[in-house]
Amino acid sequence: MHYYKRMHQVNTRSTRLSPLFRGNIETSNLWSTSDPSLPSLLGDDLFYVSDLSSQKWKDTVGRHVASSLPQQEVDHQEAINELFVMEATHLRLLRVLTVFFYQRMFREKLLSREELALLFPNLPELLKIHSSLSESMKTLQEQGPIIHEIGHFMLSQFGGPAREEIQQAVTDFCVNQSKALELIETKLQKDTRFRLIIQEAESNYQCRHHQLKDLILSEMQQLTNYPLLLDNIIKHTDGQSSEHQKLCQARDQCREILQCVKEIVKKAENHHRLETYQMCLDTTSLQWTTNAQAAEFKNIDLRSQCLIHEGPLRWRLSKDKTVDLHVLLLENLLLLLQRKDERLVLKCHRKRVWGSSGTWQTISPILKLNVVLIRSVATDPRAVFVICTSELVPYLYELVASTPSEKNMWMELLEEAVRRAKGNATLPSGSLR
């Protein structure tokens, strides 16, 4: 039976299901949905794909066919089959996500419409794209046991207008996944009814030990798989053939799509982190400081910034005093945050001016990148100097990483961020020296 065919009505198909499958539906009633945006996914073909990951090409066509071919061609067919199998397996995961999770949540009102949209933003569109791709692959398989070329086919699926469609669809589904996973975790901890229903769904044999979060992440994983699977096919294709060239082009298209989606997702995740940090940001120290550089940021809104990197460093204020930090490297700023309970504190420290018995200097925990220099500390391979050259409050910060390699990574990121900030800024005369 063609296992991709569906679109049957519930009352006509239930009689064709096996007793075990029909019993599952009757006891848990997972199938009904009143959401018209999703296609009907019921059918005796829905979970026909059992354990495709172990399905070898030679087993599907018969060993007599495989034995008549040179090993290079057998390996070529196995590589193509792996691509097709992975696509069919992924389509099955999307259907499991739809039937056992989305439809039940929708029907039983486990989540608000906004929360459902966060977890399953464009599930119907993804189902349509992967169903179409799987159908086309199945059609190729039905033309004969040996598939000689798929380069043109793959280019048509991941190039031109099709590229824009799949890139946008995957981006829409994945862009807010960090928020979606946080929502799931929060609901599992605080909502008993939600937790019990999700545990029941995840324990169903059709889910094959997949958790809800695994299924939500599967789309990005599949996008990551395409260039790897195509690379494997290319390895077993004649390097002088036009097929090899087309496959390489298709692989490169998939890599570009993946990179584009990753960049957008990373930016969205970083913005979400800044939203979270803003909620626990403590700027009390900036409200009363005499440091003009720090006072400028007493109403700072991290949500308007772009996060480049973050991580722990230590601030060496003197030989005898260091402060543990959580450092945020933003597009134009460097923030030296201290964790205190549930808060992230921007604290102004005071330091006695060298050679003075009674003069103290207030040090800002925020630095503008367009007025700093980055230098390595010769006496400590783990430390870096961040030199504030502003005429308002010049100061030398010594930041220490846990390892030399971590310090080198911070230096590279800081130097690149400083170059961009100075290139983008219109600096007033005399602001650098």
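See the structure printed just above.
Residues numbered from 1 in each chain as written. Predicted model: local features only at pLDDT ≥ 70, side-chain atom pairs only at ≥ 80, totals over all residues. Heavy atoms only, no water.

(A) Focus on the overall build of the chain. A count of helices and strands for the chain gives 16 helices and eleven strands. Sequence-distant contacts in the chain: of pairs separated by 6 or more residues, those separated by 24 or more amount to 69%. (Helix = DSSP H or I, 4+ residues; strand = E, 2+ residues; numbered from the N terminus. Contact = heavy atoms within 4.5 Å.)

(B) Local environment of the nonpolar core. Counting residues in hydrophobic clusters, the biggest one holds 63 residues, and the most contacted among them are Leu 83, Phe 101, Met 105, Leu 119, Phe 120, Ile 150 and Leu 212. If one sorts the elements of this core by residue count, helix H5 (residues 71-108) sits on top with 15 residues. Ignoring anything within four residues of it in the chain, the contact list for Met 105 reads Leu 110, Leu 111, Leu 116, Leu 119, Phe 120, Phe 194, Ile 198 and Leu 212. Among the nonpolar cores identified, the runner-up in size contains 27 residues, and Val 372, Val 386, Leu 399 and Met 411 belong to it. (Core = buried A, V, L, I, M, F, W, Y, C linked by side-chain atoms within 4.5 Å. Buried < 20%, exposed > 50% of the residue type's maximum accessible area, 1.4 Å probe, protein only.)

(C) Region of interest: the packing of helix H8 (residues 151-158) against helix H13 (residues 242-279). Across the interface, H8 lies against H13 with an axial gap of 8 Å and an inter-helix angle of 25°. By the angle class used here, H8 and H13 are roughly parallel. Note on packing geometry: the crossing formed by H8 with H13 is left-handed. Contact residues: H8 offers Gly 151, His 152, Met 154, Leu 155 and Phe 158, while H13 offers Glu 243, Lys 246, Leu 247, Gln 249, Ala 250, Gln 253, Cys 254 and Ile 257. Among the residues forming the contact of H8 with H13, the class breakdown is seven nonpolar, four polar and two charged. (Axes fitted to C-alpha atoms, helices over the stretch in contact; angles between N-to-C directions. Parallel < 35°, antiparallel > 145°, perpendicular 65-115°, else oblique. Left-handed = near helix turned anticlockwise from the far one by under 90°. Nonpolar A, V, L, I, M, F, W, Y, C, P; charged D, E, K, R; others polar.)

(D) Local environment of the pairing of strand E2 (residues 307-316). Here E2 pairs with strand E3 (residues 322-330) via nine bridges, running antiparallel. Looking across to E3, one finds that Arg 316 is bridged to Thr 322. From the end of E2 to the start of E3, which pair antiparallel, there are five residues. (Pairing = 2+ DSSP bridges.)

(E) Region of the structure containing the packing of aromatic side chains. Applying the stated criterion to the full structure yields five aromatic pairs. With centroids separated by 5.2 Å and ring planes inclined at 75°, the aromatic side chains of Tyr 102 and Phe 120 adopt a geometry described as edge-to-face. One end of the pair, Tyr 102, is in helix H5; the other, Phe 120, is in the loop between helix H6 (113-119) and helix H7 (123-142), with 18 residues separating them in the sequence. Here the aromatic rings of Tyr 395 and Tyr 397 are separated by 4.9 Å at their centres, their planes lie at 85°, and the arrangement is edge-to-face. For the pair Tyr 395 and Tyr 397, a shared accessibility class is recorded, and that class is buried. (Phe/Tyr/Trp six-rings, centres within 6.5 Å; stacked < 30°, edge-to-face > 60°.)

(F) A look at helix H12 (residues 212-235). Spanning 24 residues, H12 covers 35 Å between terminal C-alpha atoms, matching the ideal 34 Å at 1.5 Å per step. Along H12, the largest kink reaches about 40° and is centred on Ser 218. (Expected span 1.5 Å × (residues − 1). Bend = angle between axes of the 7 residues up to and from the residue.)

(G) Spatial organisation of the pattern of salt bridges. As enumerated under the stated definition, the model contains 20 salt bridges in all. Two residues, Asp 231 and Arg 251, come together in a salt bridge whose shortest N-O distance is 3.0 Å. Placement of Asp 231 in helix H12 and of Arg 251 in helix H13 is noted, with a sequence separation of 20 residues between them. You can call Asp 231 partly exposed: its relative accessible area is 26%. Asp 380 is paired through a salt bridge with Arg 382; the nearest N and O atoms lie 3.5 Å apart. The network of salt bridges with shared partners includes Arg 104, Arg 107, Glu 108, Arg 193 and Glu 200. (Salt bridge = Lys/Arg side-chain N within 4 Å of Asp/Glu carboxyl O.)

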